[in-house]
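Coordinate analysis (summary)
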Amino acid sequence: MSSDFPWLTALIVVPLVGAAVLWLMPAGARRRTRAVALTVALVEVAIGVATLSAFDTGDAGVQLKETHQWIPSLGVSYAVGVDGVGIALILMSIALVPLVILAGWREQGSDDAPTDRLRHFLALTLVLEAFIVAVFAARDVFFFYVLFEAMLIPVYFLIGAFGGAQRRYAAIKFLIYSLTGGLIMLVAVIGLYLQGPGGKDGFLTDNLTGLTMDPTLEKWLFAGFFLAFAIKAPMFPVHTWLPDAAQNATPGTSTLLVGVLDKVGTFGMLTLCLPLFPAASRWAAPFVIVLAVISIIYGALLAIGQKDLMRLIAYTSVSHFGFIVLGIFAFTSTSVAGSSFYMVNHGLSTGALFLIAGYLVARRGSQDIADFGGLQRVVPVMAGTFLVAGLSALSLPGLSTFVSEFLVLVGSFARHPAAAIVASTGVVLAAVYVLWTYQRIFTGPVKDGLETMPDLRPRETWAIAPLLAAMIVLGFVPGPALDLVRPPASVTLEQVGVTDLPAAAEGSNP
Amino acid sequence: MTFTAPQVDWAHLSPVLVVLGAAAIGVLLEAFVPERRRRVVQLAFSLAALAGAVLAVALLWNGVKRTGGVRVLGDSLVVDGPTLVLQGTIALLAIVALLTVADRTSTGEDAFAPTAAAVPGSDYEELARRRGLQQTEVYPLVLFATGGMLVFPAAGDFLTLFVALEVLSLPLYLLTGLARRRRLLSQEAAMKYFLLGAFASALMLFGIGLLYGYSGSLTYARITTAVATPTGTDSLLLVGSVLVLAGLLFKLGAVPFHSWTPDVYQGAPTPITGFMAACTKVAAFGALLRVWYTVMPGLKWDLDVVLWIVTIATMVVGTVIAMTQTDMKRLLAYSSVAHAGFILTGIVALDAQGVSAVLFYLLVYGAATIGAFGVVWLVRERDADGIVLGEATHLSQWAGIGRRHPWLAGSFALFLFSFAGIPLTAGFIGKFGVFSAAVDGGAWPLALLGVLASAGAAFFYVRIVVLMFFSDAPADQTADEADDAAAAAPVEAGDDVPVDADGGAVATLVAQRAPSVTTTVVGTEGFATVAIAVCAAVTLVLGVFPTPVLDAISHMSTFLP
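None of the values given here were measured: they were computed from a predicted structure. (Residues numbered from 1 in each chain as written. Chains lettered and ligands numbered in written order. Predicted model: local features only at pLDDT ≥ 70, side-chain atom pairs only at ≥ 80, totals over all residues. Heavy atoms only, no water.)

Things to note about the pattern of salt bridges
Once the charged atoms of two side chains with opposite charge are near each other, the side chains can pair. Residue and element names in this part refer to chain B. Per the counting criterion, the structure on display carries 22 salt bridges over all chains. A salt bridge links Lys192 to Glu188; the shortest N-O distance between them is 3.3 Å. Of this pair, Lys192 and Glu188 both sit in helix H7 (residues 183-215), 4 residues apart, roughly one helical turn. Look at Lys192 and you get partly exposed, because its relative accessible area is 32%. (Salt bridge = Lys/Arg side-chain N within 4 Å of Asp/Glu carboxyl O. Helix = DSSP H or I, 4+ residues; strand = E, 2+ residues; numbered from the N terminus. Buried < 20%, exposed > 50% of the residue type's maximum accessible area, 1.4 Å probe, protein only.)

Quick word on the pairing of strand S1 (residues 63-71) of chain A
All names here are of chain A. Pairing analysis gives 6 bridges linking S1 to strand S2 (residues 76-82), with the strands arranged antiparallel. Counted as the bridge partner of Ile71 is Val76 from S2. In sequence, S1 turns back onto S2 through a hairpin of 4 residues, with Gly75 there showing a positive phi of about 80°. (Pairing = 2+ DSSP bridges.)

Observations concerning the sheet that holds strand S3 (residues 379-382) of chain B
Hydrogen bonds along the backbone pair up the strands of a sheet, which may run parallel or antiparallel. Residue and element names in this part refer to chain B. A sheet is described by the order of its strands in space; here 3 strands give the open sequence S4-S3-S5, paired in antiparallel fashion. Each edge of the sheet is formed by a strand with only one pairing partner; in this case those strands are strand S4 (388-391) and strand S5 (518-521). With strand direction ignored, the average angle separating the axes of adjacent strands in the sheet is 45°. Across 2 bridges, S3 lies against S4 in antiparallel orientation. Bridge pairing in S4 places Arg382 opposite Val388. Most of the contacts of helix H14 (residues 354-378) go to S3, to which it runs at about 15°, and overall it touches S3, S4 and S5. (Axes fitted to C-alpha atoms, helices over the stretch in contact; angles between N-to-C directions. Contact = heavy atoms within 4.5 Å.)

A look at unusual backbone geometry
Of note, the bond from Ala233(A) into Pro234(A) is cis; its omega dihedral lies within 30 degrees of zero at -10°. Inspection of the secondary structure puts Pro234(A) in the loop between helix H9 (215-232) and helix H10 (241-248). A cis amide bond links Val255(B) to the next residue, Pro256(B), at an omega of 5°. As for its position among the elements, Pro256(B) is in the loop between helix H9 (234-252) and helix H10 (260-267). A positive phi angle is found at Phe331(A), which is not glycine, with a value near 55°. Of note, Phe331(A) is situated in the loop between helix H14 (309-329) and helix H15 (333-364).

Considerations on the environment of Leu449(B)
Locating Leu449(B) in the fold gives a position in helix H18 (residues 444-470). Each C-alpha atom, one on Leu449(B) and one on Thr345(B), is 9.5 Å from the other, the two residues being 104 residues apart in sequence.

Quick word on the nonpolar core
With 392 residues, the main nonpolar core has Tyr156(A), Phe225(A), Phe329(A), Leu360(A), Leu375(A), Phe152(B) and Phe412(B) as its most contacted residues. It is H14(B) that contributes the most residues to this core, 19 residues altogether. Discounting chain neighbours no more than four positions away, the residues touching Tyr156(A) are Ala171(A), Ile172(A), Phe174(A), Leu175(A), Phe417(B), Val462(B), Val465(B), Val466(B) and Phe470(B). (Core = buried A, V, L, I, M, F, W, Y, C linked by side-chain atoms within 4.5 Å.)

Examining H14(A)
Residues and elements named next belong to chain A. A rise of 1.5 Å per residue sets the reference length of H14, with its 21 residues, at 30 Å; its end C-alpha atoms lie 31 Å apart and thus fit the reference within 8%. In terms of burial, H14 is a largely internal element, 21 of the 21 residues being buried. Positive phi shows up at Phe331, right after H14, with a value of about 55°. (Expected span 1.5 Å × (residues − 1).)

Observations concerning the packing of H7(B) against H10(B)
Each pair of packed helices can be described by the angle between their axes along with the distance between the axes. Residue and element names in this part refer to chain B. Between H7 and H10, whose axes approach to 8 Å, the crossing angle comes to 145°. The handedness of the crossing between H7 and H10 is left-handed. Residue-level contacts link Leu185, Ser186, Ala189, Lys192, Tyr193 and Leu196 of H7 to Trp260, Asp263, Val264, Gln266 and Gly267 of H10. (Left-handed = near helix turned anticlockwise from the far one by under 90°.)

A few points about the interface of chain A and chain B
Taken together, the contact between chain A and chain B spans 37 residues of the former and 44 residues of the latter. Between chain A and chain B, a total of about 3,600 Å² is buried, with carbon and sulfur atoms accounting for 79% of that surface. Put simply, chain A and chain B have 0 salt bridges between them. Among the elements of the structure, S1, helix H4 (116-137), helix H5 (141-150), helix H6 (152-162) and helix H7 (167-195) of chain A are those that each provide at least two residues to the side of chain A that touches chain B. The element best represented in the side of chain A that touches chain B is H7(A), accounting for 16 residues. (Buried area = accessible area lost by both parts, 1.4 Å probe.)

Section: the packing of aromatic side chains
Summed over the entire model, instances satisfying the criterion amount to 47 aromatic pairs over all chains. Centroid distance Tyr78(A) to Phe143(A): 5.2 Å. Interplanar angle 65°. Geometry classified as edge-to-face. Pair noted here: Tyr78(A) is in strand S2 and Phe143(A) is in helix H5, with a separation of 65 residues, a long-range link. As far as burial versus exposure is concerned, Tyr78(A) and Phe143(A) are alike and both buried. Arranged with centres 5.6 Å apart and planes meeting at 85°, the rings of Phe157(A) and Phe469(B) form a pair that is edge-to-face. In this pair, Phe157(A) is assigned in helix H6 and Phe469(B) in helix H18, connecting two distinct chains. Take Phe157(A) and Phe469(B): they sit in the same class, and that class is buried. An aromatic cluster is defined as three or more aromatic residues linked by ring pairs; in this entry it consists of Trp70(A), Tyr78(A), Phe142(A), Phe143(A), Tyr145(A), Tyr193(A), Phe203(A), Phe428(B) and Phe432(B). Sitting above the plane of the Trp436(A) ring, Arg440(A) keeps its charged end 3.7 Å from the centroid. (Phe/Tyr/Trp six-rings, centres within 6.5 Å; stacked < 30°, edge-to-face > 60°. Lys NZ or Arg CZ within 6 Å of the ring centre and 35° of its normal.)

In structure tokens, the structure reads:
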């Protein structure tokens, strides 16, 4: 296959076609809803692997570029292209989708009679997948913005139509929060465009990078972008929509929402805020780092206090996103690369946690941690997988999250020792919320009514195993993944205009 | 001394002449065509007339694009790029709106009173109702109103502007009072609209008088010249300008001249509400654009304060009050107030790209509005005996409609998302355009307030989507809908959620109402389906591929000075 095959466009189009097929399916063929959706998702993974092979890891720049005029009169182009971080996130996202489909096999209706509801659920998931790929690949600020906002609609329906008891409230809260951030970003997008060269391709990220603009204006525009990304990520103090959304969405939706969609926030900070507004990023860094550290501690503390399993996982993510933001704004190549890798690992780890938690909840019919107990003896396999996923959330050495969290802390220490030290207490708190949760659910006397709980079925195992395998493999052999994210990190630092600091560990051990 | 006949450029008048001529003939048709054929003839004739207007605009298009436009009838009318865009938009929207007006639905009844002259509740009215009378005067009335709207943005002097205002307003006052159901509400709305409209007309006329006193002329061009030459009588000019603006702002429903909007939108027959909300807004903004961009640029510094306050107040008041509404038509009315504010942000800065941005916004807003009211027209109440009543306008009555009528509710959701400015709908491109114009013209605080108001507005649009798709319909389905309900049963079985479980956001909407009245969606004769489908297609296509329309408009957005 030639290298100028439009790989990224193919990755965007395939899920959309799949969704269209699901929606247009004649009533007679609807028994095959799940098979069709799963096939599409697997084809997508295959294309993703092919895309990776077309990607030159030695090149730090943006590759697989495609640029076409979309709305020339507004300066908007359809422009896609990825660097190492982009492709890593795309691969992580499209790998999660088939697992989510597999894990949610029985969620919407029984095995033999798939309902219309299931069809809509799967189609919306595929639409969301297309938006996710496109947003990570967008090289045009307007195109990015359009996807950033349009993505809300499938998620909104996924939460509102398929979620739990408070789904309507959660869906509205999610949408209004995100929309507010997005609309403020819209003003900044317009303001940025007016600073740029304009013309038919005036929104291309390349044309807007490295502009000289009034420092005050730059700070305002940065603030507009950053607020939207902070809400999306989500960071303290604009995180309050996430626990509600995660609590009320289906586990599959939560996996995609927290594991993938929220990465758009940190990804945006990394690939838009920093290169587009370097001076303002340097100016805001101390403030952002304080917020990131608060997120780490505050998220972890709240996670410890949660009674609801899904809310707990959501709050651990607030803490983890704090680490990612800390690494991005510490401006060392180690910390930025660590954050990029963290984004991938967090998707795997949180995805696994949400899916296993989903199994538990589906069996028990309750999300309340207090309703569980002593399950270790009843469902040993499930207990084991939960423990591995939980340990990855607390960054146990040997699991991939450890590598990234370590890189973030070490890299940040070089520039902001105090912040790194305070942040590292988050690791201790993580041990508390993970192990205590494990203890409450899986150890002790078996709660009444749980004695006959079935262990993981093969289908469920298949949905989890790839995630655990990836965490362990990337934990022992992080090299290839780090090769993807290191070169873009140096490029980012160049764009921000800071000199790299050698990470403490590397400095002491040259 | 010989009398020279004025040179009249009939060709450039053709869109207006076709529609007003057809309206006059429509009155004669009403008198001479036998009753049973009248509806078909009137409908075909009206649609043909409006299509003729669109055709005339299309034929004039390239000439005007080349020359920049001409003045007709001694400066009374200016046919330039924006005029043609606005006339084309109004005629196209009127065609779509007329389709919803014409649709008698599966109940066989249109939206209008059988005998408008009968006292509500009288025996005479009851007799007319039982005879099954249906009136067709609405068609020429709509054509007259459309004719006025076509002249309004093209007016080149204030007298023409005023005459056009009255030509478009009087039929609308009348149409507002013609609702078949809730006739007292409808008549009250018509009365309010008429009184407030007359008041606004009087203000505007007084303003025109003052401007005449200042400049000695009624034509825009002469007044523009006079504005540029300072004299000692600035107060005449300023007060006159403000009063003229007030008249225009009344028509487009800006705060503080908005108080008629909710009552009139609610009381008027729903298809007429759609027509009025879309087309009047286009015409009024067209006239405001011309006056603001050609006559008043010299006064920008003096009038800026006024327009900024009006814009901010319009966005904020429209959004905040809409949040508290429980009636669909009133909610859409306040939403239209908020949208007037959004459009104003693109105008205030007097930015060059503001014109094309506003023209595009008006087109997409109009399409979504007509579509939305078209849907409202089909969602009805039904009593215990299975008799279909009027529109089910209370929000709580819309609960669960998306489950039973996915296409209808889906298109309504699309219109709402377009109102909310979600990307990949046309409303987003429109909002982007006006906010860009505001930022570009230095009015970025307006753009910022605009997006915040948009976020607030999104709340009530989204709430409706939640009601339609995520809430369960009340359990008391009547027998007729049992098969519908059975089909949806697997869906609803998965939902063990009580209606009041969502923390108040939706619960407040579920009001007490007579248990015997249920919500139903009536079938259409096809006209309304076509109208809603066209509106949905426009909303979607212009959201994804707006380029051809944007380009066409941007070449036609320069006013003849």
